[in-house]
There are 2 protein chains.
Amino acid sequence: MSRICVDMDEVMADTLAEHLRRYNQAFDEEVTLEDLAGKGLWEYTPLDRKEQLRAFLDAEDFFEDLPLMPGAQEVLRELSKRFEIFIATQAMAVPNSLGPKYRWLQRHFPFIPPSHYVFCGDKGILSADYLIDDQPRNLLRFNGQGLLFTAPHNLAIAGFVRVSNWQEIAEYFQTVT
Amino acid sequence: MSRICVDMDEVMADTLAEHLRRYNQAFDEEVTLEDLAGKGLWEYTPLDRKEQLRAFLDAEDFFEDLPLMPGAQEVLRELSKRFEIFIATQAMAVPNSLGPKYRWLQRHFPFIPPSHYVFCGDKGILSADYLIDDQPRNLLRFNGQGLLFTAPHNLAIAGFVRVSNWQEIAEYFQTVT
């Protein structure tokens, strides 16, 4: 049975939506996803606001209640019948996220056992056949087949197999055994 | 550069010493390491105390201040000059341990970057050349070369390359490149 590793932020969870919501609220702005095309919120944000941008992530409640990416639950539930699914998330850069991420996964993905959660940093440590991730740098360090999940920050990046949403992930794995 | 994964509990941290201390205190006993030879604390503990034994681990402070295994710091500091060191710990069975384990590693092993911490369940997910672990079941799921770190519960287990302490780990890796 092939093994698929799935990234959390901006793949399973719409982390950017919550980040953007807090940004707009704090700075009384109305930045949209379209404004972030090709760069993402980090590059878009002026230097004197980057500290605050980081502080949003460090808040105890940031990762507790992130919205789900559309289709993530349904497609992963189906894939988990044919593949070994592991969740691989870069949690170590934001240690406050460890507990909230654990609880979020249990709440929304009860069909994936906690023994298949991997909270890590460097994704080169993963032994798996596939990795679905929005970060090109994670895919570059991974040894198996990477799938780049489309996000505003990676729109201009070429050279990866790309999936734009969970429906495309379902289609990709339809012919994979 | 070869990659070594190192387990935390009973390899880097003397988790058993703290577990035993709380056990003896709670039940007014004087159980020693010798009493646990060949079985470990879980097998030794009578059925009606196992719930409490588990509750010790779930306590918020259990993993905050575990004693170090003798030599772990010194030997890992040396090995980190010649090998890529990752810490791989089964944290998912005790979610309260996630934050404390992160802080403990930062305090005692500042020379290992958090990007090299892996909080996981199933150690079959690790892509590495070596795994040092006290649990035979973890070594069996690992794809590389396993080293069984001696603990009371694994004394009777055969069939693994065994290291009894950190000095023996240093010696093992002296001739490895």
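Residues numbered from 1 in each chain as written. Chains lettered and ligands numbered in written order. Predicted model: local features only at pLDDT ≥ 70, side-chain atom pairs only at ≥ 80, totals over all residues. Heavy atoms only, no water.

A.B. asks: Would you mind showing me how to read the confidence of the model for chain A here?
C.D. replies: Low-pLDDT stretches of the model should not have their predicted coordinates read in fine detail. Confidence in the prediction for chain A averages 96 pLDDT; 100% of positions are at 70 or higher. As a predicted assembly, this complex carries a pTM of 0.94 together with an ipTM value of 0.93. (pLDDT = per-residue confidence, 0-100.)

A.B. asks: Teacher, can you tell me more about the relation of the copies chain B and chain A here?
C.D. replies: Copy one and copy two of the chain differ by a rotation about a common axis and a shift along it. The transform that puts chain B on chain A rotates by 180 degrees and translates by 0.0 Å along the axis, for an RMSD of 0.0 Å. Look at the turn and shift together and you get a two-fold axis relating the two. Take the interface residues of chain B: 100% of them recur as interface residues in chain A, which is what a same-surface contact looks like. (Least-squares fit on C-alpha atoms with pLDDT ≥ 70 in both. Contact = heavy atoms within 4.5 Å.)

A.B. asks: Quick question: what am I supposed to make of the interface of chain B and chain A here?
C.D. replies: How big an interface is tends to be stated in terms of accessible area lost as the parts join. Taken together, the 24 residues of chain B in the interface contact 24 residues of chain A. Of the roughly 1,800 Å² buried between chain B and chain A, counting both surfaces, carbon and sulfur atoms make up 65%. Ranking the residues of chain B by area buried against chain A places Met92, Tyr102 and Ile125 of chain B at the top, with a combined share of 34%. For the interface between chain B and chain A, the tally reads zero salt bridges. For the pair chain B and chain A, the number of links is nine residue pairs in polar contact (both at pLDDT 80 or more). Mapped by element, the contributors of at least two residues to the side of chain B that touches chain A are strand S1 (3-6), strand S2 (84-90), helix H5 (98-108) and strand S3 (117-120) of chain B. Element by element, the count of residues in the side of chain B that touches chain A is highest for S3 of chain B, at four residues. Taken together, the residues of the side of chain B that touches chain A sort by class into 13 nonpolar, seven polar and four charged. (Buried area = accessible area lost by both parts, 1.4 Å probe. Salt bridge = Lys/Arg side-chain N within 4 Å of Asp/Glu carboxyl O. Polar contact = N/O pair within 3.5 Å; in protein donor to acceptor, adjacent residues only side chain to side chain. Helix = DSSP H or I, 4+ residues; strand = E, 2+ residues; numbered from the N terminus. Nonpolar A, V, L, I, M, F, W, Y, C, P; charged D, E, K, R; others polar.)

A.B. asks: How do you make sense of the side chain of Asp122 of chain B when you look at a structure like this?
C.D. replies: Mapping Asp122 of chain B onto the fold places it in the loop between S3 and strand S4 (130-133). Non-local contacts of Asp122 of chain B, meaning those with residues more than four positions away in its chain, are made with Glu84, Phe86, Ser115 and His116 of chain A together with Arg141 of chain B.

A.B. asks: What is the right way to read the packing of aromatic side chains from this model?
C.D. replies: Where two aromatic rings form a pair, the distance of their centres and the angle of their planes describe that pair. Residue and element names in this part refer to chain A. Summed over the entire model, instances satisfying the criterion amount to 22 aromatic pairs over all chains. Where Tyr130 meets Phe173, the ring centres are 5.0 Å apart and the plane angle is 85 degrees; that geometry is what we call edge-to-face. In this pair, Tyr130 is assigned in strand S4 (residues 130-133) and Phe173 in helix H7 (residues 166-174), connecting sequence segments 43 residues apart. Each member of the aromatic cluster is reached from another via a ring pair, and the members are Phe83, Tyr130, Tyr172 and Phe173. Directly above the ring of Phe27 sits Arg49, whose terminal nitrogen or CZ lies 4.2 Å from the centroid. (Phe/Tyr/Trp six-rings, centres within 6.5 Å; stacked < 30°, edge-to-face > 60°. Lys NZ or Arg CZ within 6 Å of the ring centre and 35° of its normal.)

A.B. asks: Explanation requested: unusual backbone geometry in the structure shown.
C.D. replies: Most peptide bonds are trans, and most residues other than glycine sit at a negative phi. Positive phi, normally seen in glycine, also occurs at Glu10 of chain A, with a value near 70 degrees. Positive phi values are uncommon outside glycine, yet Asp28 of chain B reaches one of about 50 degrees. As for its placement among the helices and strands, Asp28 of chain B is situated in the loop between helix H1 (15-27) and helix H2 (40-44). What makes Asp28 of chain B exposed here is its relative accessible area of 72%. (Buried < 20%, exposed > 50% of the residue type's maximum accessible area, 1.4 Å probe, protein only.)

A.B. asks: Before we go on, may I ask you to explain the environment of Leu148 of chain A in this structure?
C.D. replies: Residue and element names in this part refer to chain A. On the secondary structure map, Leu148 appears in strand S5 (residues 145-149). Relative accessible area serves as the criterion here: at 0%, Leu148 is assigned to the buried category. Residues Leu148 and Met69, 79 residues apart in the sequence, show an inter-C-alpha distance of 15 Å. Once residues within four sequence positions are removed from consideration, Leu148 is found in contact with Asp133, Asp134, Gln135, Pro136, Leu139, Asn154, Ile157, Phe160, Val161, Arg162 and Val163.

A.B. asks: How should helix H5 (residues 98-108) of chain A be read in this particular structure?
C.D. replies: Since the α-helix advances by 3.6 residues per turn, residues separated by three or four positions end up pointing in the same direction. Those residues of H5 of chain A that fall on the buried side of the exposure criterion are Leu98, Pro100, Lys101, Tyr102, Trp104, Leu105 and His108 of chain A. In the core, the buried residues of H5 of chain A are packed alongside helix H4 (72-82), strand S2 (84-90) and strand S3 (117-120) of chain A together with H5 and S3 of chain B.

A.B. asks: Would you mind showing me how to read the pairing of S1 of chain B here?
C.D. replies: On a regular strand, each side chain points to the face opposite its neighbour's, so the side chains alternate between the two faces of the sheet. All names here are of chain B. Alternating positions in S1 separate into two faces, Arg3 and Cys5 on one and Ile4 and Val6 on the other, with burial throughout. Of the pairings in the sheet, the one linking S1 to S2 comprises four bridges and is parallel in character. From the neighbouring strand, Cys5 faces S2, where its bridge partner is Phe86. (Pairing = 2+ DSSP bridges.)

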